Amino acid sequence: MDLPPEMLERAKKISSVIDKNDEVLVVTHIDADGITSGSIAKISLERSGIDCKIIFVKQLSDSEIEEIADTNRFTWFTDLGSGQLNSIKSAGIDFVITDHHVPSGDSEFQLNPHSFGFDGSYELSGSTTTYIVARILGRGLFAGNIDLSPLSIVGAVGDLQDSKEGMLLGLNRKILEEGVRAGVVKCIRDLRLFGKQTRPLVKMLEYTFDPFLPGISGNEKGAIDFVESLGIGVEDWKRWIDLAEDEKKRIVDGLVKLCIQSRTPFKMIKRLVGETYILSREEEGSELRDAMEFSTLLNATARYGHHEIGLMVCLGDRASAFKKARSLLQNHRKNLSDGLRLVDEIGITELENIQYFDAGDQILDTIVGIVAGMCFSKANREKPIVALAKNEEGIKVSARATQRLVERGVHLAKAIKLASEKTGGKGGGHSIAAGALIPESEVERFLRELDRIIGLQIN
Ligand code: C5P
Ligand code: C5P
Ligand code: ZN
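The sections below set out a description of the structure shown in this document. This one's a predicted model, so the numbers in the text were calculated from it and none came from an experiment.

### Observations regarding the packing of helix α2 (residues 32-47) against helix α5 (residues 126-137)
Piece 1. Where α2 contacts α5, the two axes come as close as 8 Å, and the packing angle between them is 5 degrees. Between α2 and α5, the angle is such that the two are roughly parallel. Together, D33, T36, S37, I40, A41, S44 and L45 of α2 and G126, S127, T130, Y131, A134 and L137 of α5 make up the contact between the two elements.
Piece 2. Of the residues in the contact of α2 with α5, the class split is 6 nonpolar, 6 polar and 1 charged.

### Quick word on the coordination of the zinc ion (ligand 3)
Piece 1. In the first shell of the zinc ion (ligand 3), the protein supplies D33 (OD), D79 (OD), H100 (NE2) and D159 (OD), at 2.1 to 2.2 Å from the metal.
Piece 2. As a motif over one chain, the donors of the zinc ion (ligand 3) read D-x45-D-x20-H-x58-D. In this pair, D33 is assigned in helix α2 and D79 in the loop between β3 (75-78) and α4 (85-90), connecting sequence segments 46 residues apart. Summarising the burial analysis for this pair, D33 and D79 share the class buried.

### Some remarks on the nonpolar core
Piece 1. I18, L45, W76 and F294 are the most contacted members of the largest nonpolar core, which has 65 residues in total.
Piece 2. Looking at which element gives the most residues to this core, the answer is helix α12 (residues 291-302), with 7 residues.
Piece 3. Those residues in contact with I18 that sit more than four places away from it in its chain are V24, L45, I50, F74, W76, V96, V133 and L137.

### Here's the deal with the pattern of salt bridges
Should the charged atoms of two oppositely charged side chains come close, the side chains can pair.
Piece 1. The tally for this structure, following the rule as stated, stands at 35 salt bridges.
Piece 2. The shortest N-O distance in the salt bridge between D253 and K249 comes to 2.9 Å. Within this pair, D253 and its partner K249 are both found in helix α10 (residues 245-261), separated by 4 residues, close to a single helical turn.
Piece 3. For D253, a relative accessible area of 41% corresponds to the partly exposed category.
Piece 4. For K422, the salt bridge goes to E449, with nearest N and O atoms at 3.4 Å. Linking K422 in helix α17 (residues 412-422) with E449 in helix α18 (residues 443-458), this pair joins segments that are 27 residues apart in sequence.
Piece 5. Relative accessible area serves as the criterion here: at 49%, K422 is assigned to the partly exposed category.
Piece 6. Beyond isolated ion pairs, a larger network of salt bridges with shared partners links K58, D365 and E392.

### Observations regarding the sheet that holds strand β12 (residues 426-429)
Piece 1. Across the sheet, 6 strands lie side by side as β8-β9-β10-β11-β13-β12; this open sheet has mixed pairing. In this open sheet, the two edge strands, each paired with only one partner strand, are β8 (349-350) and β12.

### Section: the side chain of K396
Piece 1. With respect to the element layout, K396 can be found in strand β11 (residues 394-400).
Piece 2. For the buried K396, which has no salt bridge, the nearest side chain bearing the opposite charge is D365, at an N-O separation of 5.6 Å.
Piece 3. Once residues lying within four places of it in the same chain are set aside, the contact partners of K396 are D365, V368, A387, L388, A389, N391, A436 and L437.

### Looking at the site of ligand 2
Piece 1. In the vicinity of ligand 2 there are 16 residues, among which H101, K396, S398, R400 and G435 approach most closely.
Piece 2. H101 is positioned with one of its side-chain polar atoms (N or O) 2.8 Å from an oxygen atom of ligand 2.
Piece 3. With respect to ligand 2, the side chain of H430 contributes an N or O atom lying 3.4 Å from an oxygen atom.
Piece 4. Here ligand 2 loses 83% of its free accessible area of 450 Å² to cover by the protein chains.
Piece 5. Listed by contribution, the elements that provide at least two residues to the shell around ligand 2 are β11, β12 and β13 (433-438).
Piece 6. For the shell around ligand 2, a count of residues per class yields 4 nonpolar, 9 polar and 3 charged.

### Let's talk about unusual backbone geometry
Most of the time, phi is negative for any residue but glycine, and the peptide bond is trans.
Piece 1. Although it is not a glycine, D79 adopts a positive phi angle of roughly 60 degrees.
Piece 2. Residue D79 is classed as buried on the basis of its relative accessible area of 0%.

### Section: the site of ligand 1
Piece 1. Among the 14 residues in the neighbourhood of ligand 1, the closest are listed as D31, H100, H101, D159 and H430.
Piece 2. The side chain of H100 places a nitrogen or oxygen atom 3.0 Å from an oxygen atom of ligand 1.
Piece 3. Protein burial of ligand 1: of its 470 Å² of free accessible surface, 86% is covered by the chains.
Piece 4. Of the residues contributing to the shell around ligand 1, the split by class is 3 nonpolar, 5 polar and 6 charged.

### Structural notes on the pairing of β12
Piece 1. With 4 bridges joining them, β12 and β13 adopt antiparallel strand pairing. Looking at the pairing, G428 lines up with G435 of β13.
Piece 2. Adjacent in sequence and paired antiparallel, β12 and β13 are bridged by 3 residues.

### Section: the packing of aromatic side chains
Piece 1. Following the criterion strictly, the structure yields 1 aromatic pair and no others.
Piece 2. Each ring, one from F95 and one from F109, has its centre 5.9 Å from the other, and the planes form 75 degrees; the classification is edge-to-face. Placement of F95 in strand β4 (residues 95-98) and of F109 in the loop between β4 and β5 (110-111) is noted, with a sequence separation of 14 residues between them.
Piece 3. By relative accessible area, which is 6% here, F95 ends up buried.

Calculation notes
- Residues numbered from 1 in each chain as written.
- Chains lettered and ligands numbered in written order.
- Predicted model: local features only at pLDDT ≥ 70, side-chain atom pairs only at ≥ 80, totals over all residues.
- Heavy atoms only, no water.
- Axes fitted to C-alpha atoms, helices over the stretch in contact; angles between N-to-C directions.
- Helix = DSSP H or I, 4+ residues; strand = E, 2+ residues; numbered from the N terminus.
- Parallel < 35°, antiparallel > 145°, perpendicular 65-115°, else oblique.
- Contact = heavy atoms within 4.5 Å.
- Nonpolar A, V, L, I, M, F, W, Y, C, P; charged D, E, K, R; others polar.
- Donors = N, O, S within 2.8 Å, 3.2 Å for Na, K, Ca; no water.
- Buried < 20%, exposed > 50% of the residue type's maximum accessible area, 1.4 Å probe, protein only.
- Core = buried A, V, L, I, M, F, W, Y, C linked by side-chain atoms within 4.5 Å.
- Salt bridge = Lys/Arg side-chain N within 4 Å of Asp/Glu carboxyl O.
- Pairing = 2+ DSSP bridges.
- Lys, Arg positive; Asp, Glu negative; His and termini not counted.
- Near = heavy atom within 4 Å.
- Polar contact = N/O pair within 3.5 Å; in protein donor to acceptor, adjacent residues only side chain to side chain.
- Areas by Shrake-Rupley, 256 points an atom, 1.4 Å probe, with all protein chains shown as cover.
- Phe/Tyr/Trp six-rings, centres within 6.5 Å; stacked < 30°, edge-to-face > 60°.

Here's what the structure looks like:
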C-alpha cells in the first residue's frame, strides 16, 4: 500500500510485534467503526494462526484498563486507546494500538494518523487504521487481506468520515481505491440518503432528518405528495435502487429545489449528492450492500449492548445474527426519531458560544451523540451542540460541531478534555465530535467552562 514511509515502518513494526504472539486480546469500541476494527483484527489474527478473544467497551476508563492489565494478555486496542496511552503504559500492559482519536502521546506500538500529520476525523478511521496493519499481517496469505477493505470502509463511513466532502479523503481514499481495484467495493455517485437499498422511496424520504427536508421529514403524506408531484407512482413501494435513472434525477432536482426554497444552507444541499460505497459481494437490496446502511446496522447492535450480533455479521453471518441485527435496526431508527422529537419538545438552550440540551434518562447515552449531530439540520449551526444524558456512572456528554466551526478554530476534543478534567471527569475524541463522562453535580460548572473554552478557541 502506498503510505508515507515512516507510517509504513510503524505499521510493519506493529504487525511484527503482534505476530510474535499465539493469542491476542482485542479491545474495541461499541460503535460501527469499533466493530469493524475489531472484526478486521480478529479475522486477520485468526488467518495468521493467532487465537483471538475480543471485548467491547463503551469507553476506556482506568478501571477497564486495570481489568485488562489483570488478564496478563497481549492486547491490541482498536478504535480506542490513543487518548489513554499513558494509563495503558503505566498499567504495564503489553500492547499495540490502531486508533484515530486525538492521541495523548506517541509510541512505537501505536499507529495513529495524527502522529503522521493526518487528520483522524476524516482521513483515517479506527477501521482503516487497523486495516493497514491487517494488510501487513496478511502478507503472502489471503492476498494480503484486501478482502477486508469493504469492512474498513464501513467503519470509516460509520464515523461519518465521508461527510466533509461527500466522499472519502486522504488515506481512506487510498484504501478505497485498493478495494475498488480488487473488485470488492464499488464507488458510485448517488443521492446520499439512508435506505436506498432497503426502504420504499417514500419511507426513505420521510425518515430523512439530516438534512431536514421541509414538508417531507417526518411527514408521510408530504413525502407521498412530493414523489407524486414529480410524476412518479408510489403504489408499488419502489425503492431507490428500483427507480429508472430519469426518475432518480427528477427526485434529486426536486429535493435541491425544495431545499433552496426553504433556505437550507448551500453546504448541506451540496452534500445531498456524493459518493456511495457499494459492497460488491453483498446482495442487492440488503442492508449490507451499502456502507452507510451497513454501518447503521452495526450501530444498532453494539450501542445497545448487542455487540456479539454486529460482530457475527461482520464475520460473515447472514442467517440468525443478521436477522437479529435487522430487527435491532428498526429499534435504533425508532429511538433516533423519538430522540429528535424529544429535543423538539425540551428545546435547545443557547449559551454564548455553545448550545445544549439535557436528555436526562430519555435518550440512551450511547446514541445521544448521534441525535445531537442530527439536530444540526434544524439547530443553530454557528455554535457547537452539546448533549447530556444520564448513565449509571454519571452524566455522559456528547458534543458535535460543524466543519465551518472547526475551520474557525473549534476543537471539541481539546475543549471537552479540559472542561471535563477540570470538573472531575474525563473525555476526548475529535475536533468535530467529542464526548466525556462527568459527575452529575458538576454539569453547570462543566457547561460554563466549556462555553468559555470554545469562546477562546473561536477568537
Ligand atoms: O469514537 P469514534 O471516533 O469512532 O467516533 C467518531 C464520532 O464522530 C462518530 O460518532 C461520528 O458520528 C462523529 N462524527 C460526526 N461528524 C463528523 C465526523 C464524525 O458527528 N463530521
Ligand atoms: O459518544 P459520542 O458519539 O459522543 O463520542 C464522540 C467521540 O468522543 C468519539 O470519538 C468517542 O470515542 C469520544 N469519547 C471519548 N470519551 C468519552 C466519550 C466519547 O473520547 N468519555
Ligand atoms: Zn472511530
